[in-house]
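Examination of the molecular architecture
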Amino acid sequence: MGKKNDGKELAVNRRASHDYFIEDTYEAGMVLTGTEIKSVRAGKVNINDAFATIRNGEAFVHNMHISPFEQGNRFNPSDPRRPRKLLLKRREIDKLLGVVKQQGYTLVPLKIYLKNGFAKLLIGVGKGKKQYDKRETEAKRDAQRDIQRALKERQKVAR
């Protein structure tokens, strides 16, 4: 059900692909306050430690840090790490709930981007990697890098 974004990437969770096998992705809108969306558009958002949950039939993202907007309400700023509601269709929430109940699966925020003026969060359904899986992935990446380097050297010699 993966959807392609056409907007500007504001934050990317690079550790997600290192720590999880991402099997499926979903695009979700977020319920934000006015000053939060201004901070998000300015790129002052961090999703490295974030995770998503489903409670009472609603999806939430936790631990996503949105820095307070400088020109915003200084006397009553919102908590930068408060849980934020995700906007998904009922069928998607039910499907995610069924998958998450299976052992080892979790909802991982992958990236935040703007699409048609709205902030969107790409959520991945991931299964945690073991240490040996991480080493295997790293070895494959290194091998691919060596192959690309050798091909590049070969092209230089051919010229």
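Calculation notes
- Residues numbered from 1 in each chain as written.
- Predicted model: local features only at pLDDT ≥ 70, side-chain atom pairs only at ≥ 80, totals over all residues.
- Heavy atoms only, no water.
- Helix = DSSP H or I, 4+ residues; strand = E, 2+ residues; numbered from the N terminus.
- Rg over C-alpha atoms; globule rule 2.2 N^0.38 Å.
- Buried < 20%, exposed > 50% of the residue type's maximum accessible area, 1.4 Å probe, protein only.
- Arc of directions from axis to C-beta.
- Contact = heavy atoms within 4.5 Å.
- pLDDT = per-residue confidence, 0-100.
- Salt bridge = Lys/Arg side-chain N within 4 Å of Asp/Glu carboxyl O.
- Pairing = 2+ DSSP bridges.

Take the overall build of the protein chain next. Along the backbone of the protein chain there are 4 helices and 9 strands. Across the protein chain, helices and strands are ordered from the amino to the carboxyl terminus as β-α-β-α-β-β-β-β-β-α-β-β-α. Taking 2.2 N^0.38 as the reference for a compact globule, 159 residues should give roughly 15 Å; the C-alpha atoms of the protein chain span a radius of gyration of 19 Å, well beyond that estimate. A principal-axis box enclosing the C-alpha atoms of the protein chain has dimensions of 65 × 40 × 30 Å. The buried share among the 159 residues of the protein chain stands at 33%.

Residues Glu36, Ile37, Ser39 and Val40 constitute the buried set of helix H2 (residues 34–41). Along the long axis of H2, the arc covered by the buried residues comes to 160°, so they all point the same way. Elements that come into contact with the buried residues of H2 comprise strand E1 (9–12), strand E6 (65–66), strand E7 (84–87), strand E8 (105–115) and strand E9 (118–128). Phi turns positive one or two residues past the end of H2, at Gly43, with a value near 85°.

For the rest of this paragraph, the subject is the confidence of the model for the protein chain. When pLDDT is averaged across the protein chain, the result is 82; 92% of the residues are at 70 or more. Of all the helices and strands in the protein chain, helix H1 (residues 15–19) carries the lowest mean pLDDT, 78, while strand E5 (residues 58–62) carries the highest, 90. The low-confidence segment residues 1–5 (pLDDT under 50) makes 13 contacts with residues lying over four places distant or belonging to another chain.

For the rest of this paragraph, the subject is the pattern of salt bridges. Where charged atoms from two side chains of opposite charge approach closely, those side chains can pair. Summed over all chains, the structure comprises 10 salt bridges. Two residues, Glu27 and Lys115, come together in a salt bridge whose shortest N-O distance is 3.3 Å. Of the two residues, Glu27 sits in strand E2 (residues 20–30) while Lys115 sits in strand E8, which places them 88 residues apart along the sequence. Here the two residues Glu27 and Lys115 agree in accessibility, since each one is buried. Among the charged side chains, a salt-bridge network with shared partners connects Glu36, Arg82 and Arg84.

Bringing the pairing of E9 into the picture now. Across 9 bridges, the pairing between E2 and E9 is antiparallel. Bridge pairing in E9 places Asp24 opposite Val125. Sheet topology note: the E8/E9 ladder contains 10 bridges and is antiparallel. When the bridges of E9 are listed, Lys111 appears paired with Leu122.

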